[in-house]
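The lines below spell out each chain.
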Amino acid sequence: MSANLISLLMEATWQTLYMVAISAVLGTIFGLPLGVFLATSQRGELLSRPVINKVLGLVVNAARSVPFIILVVAIIPFTRMIAGTSIGTTAAIVPLTIAAVPFIARLIENAIREVDSGLIEAARAMGATPLQIIRKVLIPEALPSITLGLTLAVVSLIGYSAMVGAVGGEGLGDLGIRYGYQRFMPDVMAIVVVILVVLVQLVQSVGEWIAAKVDKRAPKGRGQ
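Residues numbered from 1 in each chain as written. Predicted model: local features only at pLDDT ≥ 70, side-chain atom pairs only at ≥ 80, totals over all residues. Heavy atoms only, no water.

### Remarks on the pattern of salt bridges
Next up, step 1: Counting across every chain of the model gives five salt bridges.
Next up, step 2: The residue Glu109 makes a salt bridge to Arg113 at a minimum N-O spacing of 3.3 Å. Linking Glu109 with Arg113, this pair stays in helix H5 (residues 89–113), spanning four residues, or about one helical turn.
Next up, step 3: Exposure remark for Glu109: the relative accessible area of 7% places this residue in the buried category.
Next up, step 4: Put simply, Glu45, Arg106, Glu109 and Arg113 are held in one network by salt bridges that share partners. (Salt bridge = Lys/Arg side-chain N within 4 Å of Asp/Glu carboxyl O. Helix = DSSP H or I, 4+ residues; strand = E, 2+ residues; numbered from the N terminus. Buried < 20%, exposed > 50% of the residue type's maximum accessible area, 1.4 Å probe, protein only.)

### What to know about the UniProt feature "domain: ABC transmembrane type-1" (unreviewed entry) in the chain
Next up, step 1: Those places that UniProt annotates as "domain: ABC transmembrane type-1" (unreviewed entry) correspond, in this numbering, to residues 13–204.
Next up, step 2: Spanning residues 13–204, this segment combines 82% helix with 0% strand, and its end C-alpha atoms are found 18 Å apart. (UniProt positions renumbered as here; feature names shortened; annotations may be inferred.)

### Considering the layout of surface pockets
Here the idea is plain: a probe the size of a water molecule rolls over the atoms and shows the empty space left.
Next up, step 1: What the largest pocket holds in volume is close to 280 Å³.
Next up, step 2: Together, 16 residues line the largest pocket, and Ala24, Leu150, Thr151, Val154 and Val203 are the ones closest to its centre.
Next up, step 3: Elements represented by at least two residues in the lining of the largest pocket include exactly helix H1 (3–40), helix H7 (130–164) and helix H9 (186–214).
Next up, step 4: By residue number, the principal contributor to the lining of the largest pocket is H7, which donates six residues.
Next up, step 5: When its residues are assigned to classes, the lining of the largest pocket shows 12 nonpolar, four polar and no charged. (1 Å grid on protein atoms, 1.4 Å probe; cavity = no way out; pocket = protein on both sides within 12 Å on 5 of 7 lines; lining within 4 Å. Points joined across faces, edges and corners; volume = space filled by probe spheres on them. Nonpolar A, V, L, I, M, F, W, Y, C, P; charged D, E, K, R; others polar.)

### Points about helix H2 (residues 50–65)
Next up, step 1: Between the first and last C-alpha of H2 there are 22 Å, a value that for 16 residues agrees with the 22 Å anticipated at 1.5 Å per step.
Next up, step 2: Those residues of H2 that are buried are in contact with H1 and H5. (Expected span 1.5 Å × (residues − 1). Contact = heavy atoms within 4.5 Å.)

### A look at the nonpolar core
Next up, step 1: By size, the foremost hydrophobic cluster in this structure holds 46 residues, and its most contacted members are Phe68, Ile112, Ile133, Leu138, Leu172, Leu175 and Val192.
Next up, step 2: Of all the secondary structure elements, the ones that give two or more residues to this core are H1, helix H3 (68–74), H5, helix H6 (117–125), H7, helix H8 (171–181) and H9.
Next up, step 3: The element that contributes the greatest number of residues to this core is H7, accounting for 11 residues.
Next up, step 4: The residues touching Val192, leaving out its near neighbours within four places in the chain, are Leu9, Leu172, Leu175 and Gly176.
Next up, step 5: Listed in part, the five residues of the second largest apolar core include Leu34, Val60, Val101 and Ala105. (Core = buried A, V, L, I, M, F, W, Y, C linked by side-chain atoms within 4.5 Å.)

### A look at the packing of H5 against H7
Next up, step 1: Between H5 and H7, whose axes approach to 9 Å, the crossing angle comes to 150 degrees. Taken together, H5 and H7 sit at an angle that is classed as roughly antiparallel. For the crossing formed where H5 meets H7, the hand is right-handed.
Next up, step 2: The residue makeup of the contact of H5 with H7, split by class, is 19 nonpolar, four polar and no charged. (Axes fitted to C-alpha atoms, helices over the stretch in contact; angles between N-to-C directions. Parallel < 35°, antiparallel > 145°, perpendicular 65-115°, else oblique. Left-handed = near helix turned anticlockwise from the far one by under 90°.)

### Observations regarding the side chain of Thr97
Next up, step 1: Checked against the element boundaries, Thr97 lands in helix H5.
Next up, step 2: One polar contact links the side chain of Thr97 to the main-chain carbonyl oxygen of Ile93, over a distance of 2.8 Å.
Next up, step 3: When residues no more than four places from it in sequence are discounted, the contact partners of Thr97 are Ser23, Leu26 and Gly27. (Polar contact = N/O pair within 3.5 Å; in protein donor to acceptor, adjacent residues only side chain to side chain.)

Spelled out as structure tokens, the structure:
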């Protein structure tokens with residue numbers, strides 16, 4: 001393999017990491033509070049805003065139902081407005097983030113709903129406010145599940161980042177299409193696939209290790 005291709009692979013890997021990292025952070029910033037609200041705002045729950053919960057739930061479900069490649073094309077005007085262009089690594093962050101937010105929100109919601117309701121009742125009995133219960137009971141207790149959920153979200157974003165390469169998003173997906181497919185270079189395609197698999201395995205392993213570390217229910221020595 002030529003030095004030029006090695007350089008292209010390194011650059012494409014960096015572009016993929018950049019896209020995934022930024023979109024994962026932004027997706028978590030917006031998806032975490034949304035997920036917490038969805039998990040605590042049904043009728044009779046801590047925040048009890050059933051109408052808003054229903055509306056947001058419908059929006060989240062609608063956003064999750066749109067195939068990612070269609071979403072990328074459909075929001076091109078919005079992407080151009082935010083990023084100043086509809087192609088390139090930075091532009092790809094816009095659809096990646098929009099796809100990540102509802103996905104992360106549902107993962108957070110499910111993680112929080114797994115917390116034992118007895119803990120919530122005990123905190124209420126001690127006079128804790130809803131926000132205190134969320135901050136000091138729900139999120140800490142759900143942290144292992146939240147960590148695993150965010151790991152799953154990052155893994156999904158790695159796959160999405162490869163797909164966005166089909167519409168000028170750069171990264172490993174773009175390199176695989178331009179060289180591996182269009183220029184009939186199967187070795188490049190194979191290397192791109194291997195790099196993507198390695199990235200997914202690393203993310204999954206690190207995520208599981210962190211989840212074990214933050215799990216207060218884990219027996220001593222777990223995750224080591």
